[in-house]
Number of protein chains: 2
Amino acid sequence: MRRTFDGELQSMHGQFTKMGLMVNENILRAVKAFINHDKNLAMEAKKKDKDINEIEVAIENFCFQLIALQQPVSSDLRSIVMVMKASSDLERMGDHAVSIARSVIRVKERHNKRIPEVEAKIAEMAEIVKSMVEQVIDAYVRVDEEDAYRIAQIDSEVDKHFVEINHYCIKQMAMDPEVVPGGSDYIAVAGYLERIGDYVTNICERIVYLKTGEILELN
Amino acid sequence: MRRTFDGELQSMHGQFTKMGLMVNENILRAVKAFINHDKNLAMEAKKKDKDINEIEVAIENFCFQLIALQQPVSSDLRSIVMVMKASSDLERMGDHAVSIARSVIRVKERHNKRIPEVEAKIAEMAEIVKSMVEQVIDAYVRVDEEDAYRIAQIDSEVDKHFVEINHYCIKQMAMDPEVVPGGSDYIAVAGYLERIGDYVTNICERIVYLKTGEILELN
């Protein structure tokens, strides 16, 4: 009985990890589409989000059945609850990837005036976010509380990038009207990345919860 | 035993409803602060968010104990899971209220050039969002699936407002550089309201789940 249950817990963790990797891939896809103005890739990111939503539903149902049939307590229950809540965070990170993809698709052939230095900054920001997502999935697998604290701290770098991009774009938009439509897209995309960083922080909080049973605010 | 359990479920629903009302109040507070450029009110909204975070933690712990001690199945378990996940949605709606409040506090005495027609549109948008939040709490209490479908549909009006505000601000910012800092704040605030509408839709989906056991996408 316990062996079956352990196997099912393993399977749940596996599904969650898989979902995390799918989300990370889709964030990268969306950001790449944005940087390269690649509408096809953006469409692909939009499509892939369906798979992410499906796996979230599957995970939720699986967790529900696990609780109903196995009536787990203490740390097992805690880890199931963790996956149920954190899979919502992953799903929303995926939604933000779609929002980034949409901003690529939305742009008509209007040839927005681009700001290369902002695009470079967004690429840099995306790189940090990507590494946060990768690390948090890894920390989750190992239930590594120390790592969770450390990863949550990287979020302040993400926030710093957001503020810088925001200020820089506003300055540029005020100087050159042609920059306005593109600039406001830059701000939006940086905002999505910033929110993804927040969700990673949420998952870090859940790892701490898994280890200690304490629900903390890490930002 | 069952009587105690029913009482505890009632208490859980009561806590969730209370949290919903607190979040709604804080959204209104933040939007009012934004429209009236009222920094004190914005500071108050920021403070109140702590209470919201605390009640979320309390609800999560309460739900966890309920599952661990009572080992509920089927519809009871479903309603506990619903509250656990939907309280995260409420908490994030609260976070967006804080983001709106922050954009009020951030503005130095720089006297942004205002666009009254956009402020009116944001107030209108906030009114719709407020009514969605109120209705979803009510639908949740009554587990009213029909209402959940109806409320989720209102979200398209919220999205429409967002797109309109976005386009109008971009046009104005391109015509008048002095409008740029304020215009980009308008777009951000409309974006937060739009996200709050999305979270309401999530809760609608959870009401449907509570009634039918089916996890749907309503947007």
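Looking at an unreviewed UniProt entry, one finds chain A named Phosphate-specific transport system accessory protein PhoU and attributed to Jeotgalibaca ciconiae. Listed under Function (unreviewed entry) in UniProt, the entry text for chain A is "Plays a role in the regulation of phosphate uptake." Recorded under Subunit (unreviewed entry), the UniProt text for chain A is reproduced unchanged: "Homodimer."

What follows deals with helix α3 (residues 74-106) of chain A. In this model, α3 of chain A (33 residues) spans 48 Å end to end at C-alpha, consistent with the 48 Å of a helix rising 1.5 Å per residue. Counting buried positions along α3 of chain A yields 27 of 33 residues, so the element is predominantly enclosed.

Turning our attention to the UniProt feature "domain: PhoU" (unreviewed entry) in chain A. With numbering aligned to this structure, UniProt lists the feature "domain: PhoU" (unreviewed entry) at residues 17-104 and 122-207 of chain A. Across residues 17-104 of chain A one finds 93% helix and 0% strand; the C-alpha atoms that close the span lie 28 Å apart.

Once that is clear, we can look at unusual backbone geometry. With phi around 40°, Gln-71 of chain A is a residue other than glycine that occupies positive phi space. Its location among the elements puts Gln-71 of chain A in the loop between α2 (39-70) and α3. Backbone geometry at His-37 of chain B places phi at a positive 50°, although glycine is not the residue there. Summarising the element assignment, His-37 of chain B is placed in the loop between α1 (2-35) and α2 (39-70). Looking at His-37 of chain B, the relative accessible area reads 40%, which means it is partly exposed.

In total, this model carries one cavity of 30 Å³ or more according to the counting rule given. When its volume is computed, the largest cavity comes out at roughly 30 Å³. Taken together, Ser-184 and Ile-187 of chain A together with Ser-184 and Ile-187 of chain B make up the full set of residues lining the largest cavity. Of the residues in the lining of the largest cavity, the class split is two nonpolar, two polar and no charged.

Below, the discussion takes up the packing of helix α4 (residues 116-142) of chain A against helix α5 (residues 145-175) of chain A. Residues and elements named next belong to chain A. At a closest axis distance of 10 Å, the pairing of α4 and α5 adopts a crossing angle of 165°. Taken as axis vectors, α4 and α5 run roughly antiparallel relative to one another. The handedness of the crossing between α4 and α5 is left-handed. Among the residues making up the contact of α4 with α5, the classes are represented as 15 nonpolar, two polar and nine charged.

What follows covers the environment of Pro-177 of chain B. Summarising the element assignment, Pro-177 of chain B is placed in the loop between α5 (145-175) and α6 (180-212). Linking Pro-177 of chain B and Lys-113 of chain B, residues 64 residues apart in sequence, is a C-alpha distance of 9.6 Å.

What follows deals with the confidence of the model for chain A. When pLDDT is low, close inspection of the predicted coordinates is not appropriate. On average, residues of chain A score 92 in pLDDT, and 97% of them reach the 70 mark or higher. Summarising per-element confidence for chain A, the mean pLDDT is lowest in α3 of chain A (92) and highest in α5 of chain A (96).

In this section: the packing of α3 of chain A against helix α3 (residues 74-106) of chain B. Between α3 of chain A and α3 of chain B, whose axes approach to 10 Å, the crossing angle comes to 40°. With respect to each other, α3 of chain A and α3 of chain B are oriented oblique. The handedness of the crossing between α3 of chain A and α3 of chain B comes out as right-handed. Between α3 of chain A and α3 of chain B, the residues in contact are Val-81, Met-84, Lys-85, Ser-87, Ser-88, Asp-89 and Arg-92 of chain A and Val-81, Met-84, Lys-85, Ser-87, Ser-88, Asp-89 and Arg-92 of chain B, respectively. Taken together, the residues of the contact of α3 of chain A with α3 of chain B sort by class into four nonpolar, four polar and six charged.

Our next topic: the relation of the copies chain A and chain B. Of the two same-sequence chains, chain A is brought onto chain B (RMSD 0.0 Å, axial shift 0.0 Å) by a rotation of 180°. Here the symmetry operator amounts to a two-fold rotation axis. Same-surface contact between copies: 100% of interface residues of chain A are shared with the interface of chain B.

What counts and how
- Residues numbered from 1 in each chain as written.
- Chains lettered and ligands numbered in written order.
- Predicted model: local features only at pLDDT ≥ 70, side-chain atom pairs only at ≥ 80, totals over all residues.
- Heavy atoms only, no water.
- UniProt positions renumbered as here; feature names shortened; annotations may be inferred.
- Helix = DSSP H or I, 4+ residues; strand = E, 2+ residues; numbered from the N terminus.
- Expected span 1.5 Å × (residues − 1).
- Buried < 20%, exposed > 50% of the residue type's maximum accessible area, 1.4 Å probe, protein only.
- 1 Å grid on protein atoms, 1.4 Å probe; cavity = no way out; pocket = protein on both sides within 12 Å on 5 of 7 lines; lining within 4 Å.
- Points joined across faces, edges and corners; volume = space filled by probe spheres on them.
- Nonpolar A, V, L, I, M, F, W, Y, C, P; charged D, E, K, R; others polar.
- Axes fitted to C-alpha atoms, helices over the stretch in contact; angles between N-to-C directions.
- Parallel < 35°, antiparallel > 145°, perpendicular 65-115°, else oblique.
- Left-handed = near helix turned anticlockwise from the far one by under 90°.
- pLDDT = per-residue confidence, 0-100.
- Contact = heavy atoms within 4.5 Å.
- Least-squares fit on C-alpha atoms with pLDDT ≥ 70 in both.

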